[in-house]
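# Structural characterization, general
This is what each chain is made of:
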Amino acid sequence: MELSAFYRDTWVEVNLDHIYTNVRSMKNFLSPDEEVIAVVKANAYGHGDAQVAKVALEAGASLLAVAFLDEALSLRQQGIVEPILVLGAVRSEDIKLAAEQNIILTVFRADWLETALRDNELDRPLSFHIKLDTGMGRLGAKEADEVSKLISILAENEWCELAGIYTHFATADEVGTDYFQYQYEKFLEMLKWFPILPPLIHCGNSATGLRFPDKIFNAVRLGIAMYGLTPSLEIKDELPYALNEAFSLHSRLVHVKKISKGEKVSYGATYTAKGEEWIGTVPVGYADGWIRKLQGTEVLVNGVRCPIVGRICMDQFMVKLPEAFPIGTKVTLIGKQDEESIMIDEVAKTLDTINYEVPCTISYRVPRIFLRKESIIEVRNPVLFNQ
Ligand code: PMH
């Protein structure tokens, strides 16, 4: 049995040209000796890890960053050979696997490093970035003692290399800059704890790179702006260059019917037709990440905004149409149709959340189509193919 890429009329389109342009824009915005670290954790914020990674590298990123070792291994399995930094914590027993796969680890606890090196004898190089907590309160060493222990343990082991130091800002995307400034100055102070600085020093996410390019040291960890989204609504109007949204979500009408006054739609029979109405069924549901809270919001059908009526089910929802559109008519949940658009910021606003959460929430069940120069170059469907 030969299978095609997917068999459901719902898909995400990832515009890789936009990813490319967004990375190039940041590269051009920075000084030539400053680097871009492409943050491709969480399946590249729901876009597709290896596909985004490849394009980001092509556009000039020099390092990839993920949250977990599994994500780094996934990139290796998909043929990515370039350097990858794991930003999150890794189990001490897994350091040999990281070394074998040439994966860079984050370290912030001396006891973890002692255990890791005592119980696992390295036989090849392993690089580390030391993470400092300057006020995010998440991961990172805070005390000079801890840092000097880390430095000496790394220096004593012939296979260990200190390749970087970094921290993370909690408020780089906020208009008020006091806390940002506090963290920045703390980082400067903490860097004095290092007798020798490693090649890579980084502190900035997208917001920092966009707003404070003179405060990034020598690399930006570029996440949300690589996907063409603003780090926050409050700084949207002060971005130094245009961002190009890469993610869109589409489906097609699989059923269209006329219902009469008083007839009900979906679970709980909460929606009642006020008169004769055309109702379409769209094969997208909360298991795809189109969560029940989106009931009542609009999608685009034939270039027109149409409201979702009744409860969103696991695999389908219903939409009120202005007329009897044919089966197969394209429905755009995120993206553009003719003059109308529903962009990620609008969906995020409706859900009272941040744009980051929206593409991350569109589940593995929705196939991703990757476009380059307006052609499909790859399709990814984990439901059918183990990828
Ligand atoms: N560096 C670290 C350590 C991060 O956690 C993130 C994003 C980035 C860089 C990239 O940030 P950007 O997407 O704003 O450019 N991390 C998260 C997070 O943990 N929750 O939301 C974003």
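A short tour of the structure in this document, coming up. Bear in mind that the values here come from a model prediction, so they are computed numbers and not experimental data.

## Points about the nonpolar core
Formed by 119 residues in total, the largest nonpolar core has its most connected members in Val 40, Leu 105, Met 226, Trp 290 and Phe 317. At six residues, helix H3 (residues 49-58) tops the list of elements feeding residues into this core. Domain assignment of the residues forming this core places at least three in each of domain 1 (16-227) and domain 2 (247-385). Leave out the neighbours within four places in its chain, and Trp 290 touches Leu 249, Val 284, Gly 285, Ile 308, Ile 312, Phe 317, Leu 333, Ile 334, Val 347 and Ile 362. By size, the runner-up hydrophobic cluster in this structure holds eight residues, among which are Ile 259, Ala 273, Ile 279 and Val 309.

## Focus: the site of the ligand
Around the ligand, a shell composed of Val 39, Lys 41, Tyr 45, Leu 87, Arg 138, His 168, Asn 205, Ser 206, Arg 221, Gly 223, Ile 224 and Tyr 356 is seen. Contacts to the ligand include Lys 41, whose side-chain N or O atom sits 2.7 Å from a nitrogen atom. In the model, an oxygen atom of the ligand is placed 2.6 Å from a nitrogen or oxygen of the Tyr 356 side chain. Burial of the ligand by the surrounding chains reaches 82%, relative to a free accessible area of 480 Å². When atoms are counted within 2 Å of each cavity's grid points, the one that captures over half of the ligand is the largest pocket.

## A few points about the pattern of salt bridges
The final tally for this structure, using the stated rule, is 18 salt bridges. Close ionic contact of Asp 49 with Arg 380 constitutes a salt bridge, the shortest N to O distance being 2.8 Å. On the criterion of sequence distance, the pair formed by Asp 49 in helix H3 and Arg 380 in strand E21 (residues 375-380) is long-range, its members being 331 residues apart. Side by side, Asp 49 and Arg 380 carry an identical accessibility label, which is buried. The shortest N-O distance in the salt bridge between Glu 189 and Lys 192 comes to 2.9 Å. For Lys 192, a relative accessible area of 61% corresponds to the exposed category.

The rules behind each value
Residues numbered from 1 in each chain as written. Predicted model: local features only at pLDDT ≥ 70, side-chain atom pairs only at ≥ 80, totals over all residues. Heavy atoms only, no water. Core = buried A, V, L, I, M, F, W, Y, C linked by side-chain atoms within 4.5 Å. Buried < 20%, exposed > 50% of the residue type's maximum accessible area, 1.4 Å probe, protein only. Helix = DSSP H or I, 4+ residues; strand = E, 2+ residues; numbered from the N terminus. Domains from an automatic or database assignment. Contact = heavy atoms within 4.5 Å. Near = heavy atom within 4 Å. Polar contact = N/O pair within 3.5 Å; in protein donor to acceptor, adjacent residues only side chain to side chain. Areas by Shrake-Rupley, 256 points an atom, 1.4 Å probe, with all protein chains shown as cover. 1 Å grid on protein atoms, 1.4 Å probe; cavity = no way out; pocket = protein on both sides within 12 Å on 5 of 7 lines; lining within 4 Å. Sits in = over half its atoms within 2 Å of the grid points. Salt bridge = Lys/Arg side-chain N within 4 Å of Asp/Glu carboxyl O.

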